[in-house]
Amino acid sequence: MHPSSRSTKYVFDFSEGSKEMKDLLGGKGANLAEMTNLKLPVPPGFTITTEACQAYLRSGREPEDLAEEVTEHLELLERTMGKRLGQSDDPLLVSVRSGAKFSMPGMMETVLNIGLNDQSVRGLAKQADNERFAFDSYRRLIQMFGKTVLGIDGEHFEGALEAAKDAKGVSNDLELDADDLRQLVETFKQVVVDRAGRAFPQEPREQMDMAIRAVFDSWNTERAVVYRRQERIPADLGTAVNVVAMVFGNLDMDSGTGVAFTRDPATGAQGIYGDYLQNAQGEDVVAGIRNTVPLADLEKLDKASYDQLLGIMQTLEEHYRDLCDIEFTIERGKLWMLQTRVGKRTAAAAFRIACQLVDQGLIDMDEAVSRVTGAQLSQLMFPRFDDREQRKKVASGIAASPGAAVGKIVFDSYTAVKWSRSGEDVILVRRETNPDDLNGMIAAAGILTSRGGKTSHAAVVARGMGKTCVCGAENLEVDTKRRILRAPGGVELHEGDVISIDGTSGAVFVGEVPVVDSPVVKYFETGEIDTGDDLVVAVDRVMGHADGARRMSVRANADTAEDAARARRFGAQGIGLCRTEHMFLGERRQLVERLILADTDEVRDAQLTQLLPLQREDFVGILEAMDGLPVTIRLLDPPLHEFLPDITELSVRVAVAEARGEKREGDLRMLQAVHRLHEQNPMLGLRGVRLGVVIPGLFEMQSRAILEAAAERIKAGGVPRVEIMVPLVANVQEFETVKQHIIEVARDVRAETGVHLEFLIGTMIELPRAALTADQIAEAAEFFSFGTNDLTQTTWGFSRDDVEAAFFSAYLEKGIFGVSPFESIDAEGVGELVRIAAEKGRSRRPGLKLGVCGEHGGDPDSVHFFERVGLDYVSCSPFRVPVARLEAGRSVTPD
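Keep in mind that this is a model prediction, so the values were computed, not measured.

**What about the overall build of the protein chain?**
- Within the protein chain, the secondary structure is distributed over 36 helices and 31 strands.
- Expressed along its principal axes, the backbone C-alpha trace of the protein chain runs to roughly 105 × 70 × 55 Å.
- With 895 residues in all, the protein chain has 56% of them scored as buried.
- Of the contacts made within the protein chain by residues no fewer than 6 positions apart, 69% connect residues no fewer than 24 positions apart.

Spelled out as C-alpha cells, the structure:
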C-alpha cells in the first residue's frame, strides 16, 4: 500500500519526530528524534507509535498496515547503514526498545543485538576482528530474547553463565574468552529448546517482529502495572517501540557504555555525575551487575569522547532547560547518544535545581514552582538521623536517594511485602535489584544493595518513588541463600535484624538510630531561614512564589489551641474544621454519658450546664491562636454510641455481676441505654444535624460556648472570626431548624455580654442529596464546607473502616482503582457532586464561601481539582498545610 493512502501512520523515522510528540512516540522516541534534529550523534532508527501498541492491546494482533510500514523503514535504515539486517557478512544489528510517554525505568522490555544468528555471528567477528566480542553479543541476544520474548526464567541463563565462570575459575565476565562464549552460546540455545519448546529463531526479521510484540506485551506485565499504579500513570497510554541500529560498547577496552546526569540527581549540585563501564553494553550499567567507575574517570580513558560528551550535556540541558539523564555508548572512540530524558531526581535536588535554573535565566519562578511537587515537599519534611546519638556504622555505600530509613532486614520482595503487610518496617537488602523486585521496593522503608551506582536500577527507581536508598556498599556480602548480611569486622546480620540506612550520606548502621526533625520542618515551625542551608533557601523561594500566585487560601483541621498554633506557624490562614466531639473525650466522657442517659429535662440541663464552661474554655484558646483568621467550628457530629461503653464489654460485666449476685445499677442502666441507642448502621443513623434536632439544648449549648468565647476574645482586644458549621445536613429544613436556634442563642449572648457579634452559619456538604439540592440549602447557609470523607462514603456506598481492609487492596491490584478514592478525590463521581453543589449554591447565593475540610484538602491531585471547580479554600491536617500551599500555587501556574 502506498504510504499516502494509509489512514494512520504507525512508524516514524527519527528525523520525522520531535520532543513535543511524546504522546505518539513515547519519551524515548521523541527525545531520540529531538537529538537527531539537534545534529547530535544518534544511531539511525525508527519508532513504532503508541497508537500501534494500543491497537495491538485492544485486538491481540498488530494493525493491518504495521508490518508493511516496518519493512519500508527497515529498508531505509539498511540503505542508510549500507548493510542488511542479519546478513552473513558485516550484518546490520538493531536493538528493540520500549519507550512510554512517562519514564518507567526497567519496567518494560529491551532486546539488543537482533539480527545475530549462527551465520551472521561469524560475519560480525570477521568485520570487528574480534571473535570474543561477536560471541559475547550473540549470547546476550539469546539470553535477553529468551527471557523477555520467550518468557524463560532468567535464572536458567544466569546459572549457566555462573557455571561457565566457575568451570574456568574466574569471577568476571570479561575473563571468559571466545571459546568459552562460543560454548555458552550453545548452552543458551539448549536452554531455549528445553524451556521454550522451540529453537532460538535464526531468521533476523522473525527475531525483530517477535521482539516488537514482546515490547507491546510488556506494557501489561505485572511489574509495569504495579509501577504505573505507584506513579499514577494512566493504563491506556501504551508504549512506543524504538528500533535502533546497534552500536557496541563491548567491542574492546576502547569501547564502553555509560549514563550521565547534567547535575547530581541526588543533591542537585552542578558538576560531572554518572557512571561508565568499559567493554560493556548498556544493561550492564543499569543492572549494577558490575561496579562502574565515576564518569570523571572517562577523561583519563578517552579524553576526546569525554570532552565531546560534556559539550553535548551542556547543549541538552540548555535545550531542555532542565536536568537531563543521558545514556551513551563509545564504540572504538566514537561517541553515540542512545537516549536522553528529563532526569528523575530526589526532592532536595528538585527544589535546588528549580532555583538554580531561575538564577541561570533558563526558567522563571512560575515554571520553578511547576517543577516541584507537594509530594516532594512532604519528603523533605520527613525526619532524619540524629547525629548526636551514638551509632555503630558497619558499612558505607553510594548515597543514591536521601532519607532516614529504619527496618528489619529482608532479602527478597516476597518477604518484604509479607512483613510490611503485617505492620513491620523492612529494609530490602539485595546484591542488586531488578525490575522483578518492584513490589518489594514499594513495600520497603528503604533499599540497600552491595552493587551498582547512582544510575543502577535500585537508585533510579528509588529516587522516582522517594524511597531511601544506599547502593554499591561493596564491603557488604549479601548471602541471599543463607539470609545473612556480612560486614567487615566479622559482623553477621540475619533476616529480621534491624538496621538503619542513611540515603543522604550512604552510611549503614546496626540497630535503630533515633531521628530528629528535618531543617525544612524547623523552617516552617520558626519561619527562620538558615542562609547557609541552600535547600531551606530554595524551599523558601519556591513557597514564597507559590503563596503569591495561589488563589485559594489554605486552612487547617485543628481541634486544640496547640494544633491551631502549630498550623498557623506552618502557614495556615485559618481553621477549616474544628471537631467539637474531641472535646467530649477523656475526663469529660462521664458528663456526656450522663447527658445521654438523662431521663428528665433537669438532669439533661445540668449536664449541659457543666459542659458549657469547658467547651467555652476550649474555644477561647483556639480563637486566640487563630486571632484575626476564620475559624470554622463543627457542631457535634458522631453518633452517640461512640461516647458509650462497648456493648459486648458492658454485657459481660453485667452478666458476671449477676452471676456473683452483685447489683450494679449503674452498669445495668448503661447497658439498657446502649441497647436503646444501638443502631445497625450508626454512621447513617442519629448523628450530625439530627442530634441537634432531637436532643434539646445540645447544639444550643455548643453555640453558646462558641459565641461566649468570641465575646470574651473581643473584650480582650481580639478579632475572632467565627463560622459555626452544622454537619450532615440533607435538606434545607433541617438546617433552618438548627440555624434558628443558633440565632436565638446569639441574641441572648449579645444581650448578656453587651458585645456585638459577627459570625457565619453554614453547613457541611457530605451527602449526595445535599449536593443535589445545594441551591435550596444556599438560601439559608452562608458557607459550604465539603466533607469529602463522608461524601465519598455515601456516594460509593462504602463504610471506610470496613472496605479499606476488606477489598481495597484487591481493587487496586486489579486496576479497578488507580488510587483509593479516600486518598485522592474521585473527580468523575464525588468530584462531580462537588462541582454541582458549588454551581447550584452560587447560583442562589453568589458570594457563597466554599471550602473543603476532608483530608483530600491536603492531597496534591485533589487540590488541583478544587482549584478547577472554584473553591475558596482547602483545609487539611497541620503537617500537610505547606504541601497544600505549594499545590494551590502550582494549580494556577502554567505547566
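**Some thoughts on the nonpolar core**
- F351, L377 and V539 are the most contacted members of the largest nonpolar core, which has 135 residues in total.
- Apart from the residues within four sequence positions on either side, L377 is in contact with F351, V520, F524, V539, M543, P882, V883 and L886.
- Counting 59 residues, the second largest nonpolar core, distinct from the first, contains V94, A128, Y138 and L161.

**Side note on the sheet that holds strand β30 (residues 849–852)**
- Taken in spatial order, the eight strands line up as β24-β25-β26-β27-β28-β29-β30-β31 and close into a barrel, and their pairing is parallel. Here the strands of the sheet are splayed against their neighbours by 25 degrees on average, with no regard to which way each runs.
- Both strand β25 (residues 575–579) and strand β26 (residues 630–634) contribute to a ladder of three bridges, which runs parallel. Directly across from C578, in β26, lies its bridge partner I633.

**With respect to the sheet that holds strand β7 (residues 270–278)**
- A sheet is described by the order of its strands in space; here five strands give the open sequence β8-β7-β6-β9-β10, paired in antiparallel fashion. Both edges of this open sheet fall to β8 (293–294) and β10 (334–342), since each of them pairs with a single strand only.
- Of the pairings in the sheet, the one linking strand β6 (residues 256–263) to strand β9 (residues 324–331) comprises six bridges and is antiparallel in character. What sits directly across from V259, in β9, is E327.

**A few points about the packing of helix α5 (residues 131–148) against helix α7 (residues 178–196)**
- It is at 8 Å that the axes of α5 and α7 come closest, and there the two elements cross at 20 degrees. Classified by the angle their axes make, α5 and α7 are roughly parallel. In the crossing of α5 with α7, the sense of the turn from one axis to the other is left-handed. Contacts between α5 and α7 involve E131, R132, F135, D136, Y138, R139, I142 and Q143 on the former and, on the latter, A178, L181, R182, L184, V185, F188, K189 and V192.
- Residues that form the contact of α5 with α7 fall into these classes: nine nonpolar, one polar and six charged.

**What to know about the pairing of strand β15 (residues 426–430)**
- When you tally the buried positions in β15, you get five out of five residues, the bulk of the element.
- In the sheet, strand β14 (residues 404–410) pairs with β15 via three bridges, with the strands oriented parallel. Note on β15: the bridge partner recorded for K408 is V426.
- The parallel pair β14 and β15, bridged by helix α16 (residues 413–421), forms a crossover whose chirality is right-handed.
- For β15 and strand β16 (residues 446–449), the ladder comprises four bridges, and the chain directions are parallel. The residue of β16 that forms the bridge with R430 is T449.

**Here we look at α5**
- Between its first and last C-alpha atoms α5 spans 26 Å; for 18 residues at 1.5 Å apiece the expected length is 26 Å, and the two agree.
- In terms of burial, α5 is largely enclosed, as 16 of its 18 residues are buried.

**A few points about the pairing of β16**
- Of the two faces of β16, the one carrying G446 and L448 and the one carrying I447 and T449 are both buried.
- Taken together, β15, helix α17 (residues 438–443) and β16 constitute a β-α-β crossover, and its handedness is right-handed.
- Bridge analysis of β16 against strand β17 (residues 468–471) gives three bridges, and the strand direction is parallel. Counted as the bridge partner of I447 is C469 from β17.

**Concerning the packing of aromatic side chains**
- Summed over the entire model, instances satisfying the criterion amount to 18 aromatic pairs.
- Seen from their ring centres, W796 and F798 are 5.3 Å apart, and the 10 degrees between their planes marks the pair as stacked.
- The interplanar angle of 45 degrees and the centroid separation of 6.5 Å between the aromatic rings of F798 and F822 together place this pair among those described as tilted. One end of the pair, F798, is in the loop between α31 (788–796) and α32 (800–806); the other, F822, is in the loop between α33 (808–813) and α34 (830–844), and 24 residues separate them in sequence.
- An aromatic cluster is built from W796, F798, F807, Y811, F817 and F822, whose rings are joined through pairwise contacts.

**Let's talk about the state of the cysteines**
- Counting across every chain of the model gives zero disulfides.
- This cysteine, C876, is not joined by any disulfide, and C853 carries the nearest cysteine sulfur, 11 Å off.

Calculation notes
Residues numbered from 1 in each chain as written. Predicted model: local features only at pLDDT ≥ 70, side-chain atom pairs only at ≥ 80, totals over all residues. Heavy atoms only, no water. Helix = DSSP H or I, 4+ residues; strand = E, 2+ residues; numbered from the N terminus. Buried < 20%, exposed > 50% of the residue type's maximum accessible area, 1.4 Å probe, protein only. Contact = heavy atoms within 4.5 Å. Core = buried A, V, L, I, M, F, W, Y, C linked by side-chain atoms within 4.5 Å. Pairing = 2+ DSSP bridges. Axes fitted to C-alpha atoms, helices over the stretch in contact; angles between N-to-C directions. Parallel < 35°, antiparallel > 145°, perpendicular 65-115°, else oblique. Left-handed = near helix turned anticlockwise from the far one by under 90°. Nonpolar A, V, L, I, M, F, W, Y, C, P; charged D, E, K, R; others polar. Right-handed = clockwise from strand over helix to strand, strands pointing away. Expected span 1.5 Å × (residues − 1). Phe/Tyr/Trp six-rings, centres within 6.5 Å; stacked < 30°, edge-to-face > 60°. Disulfide = S-S within 2.5 Å.

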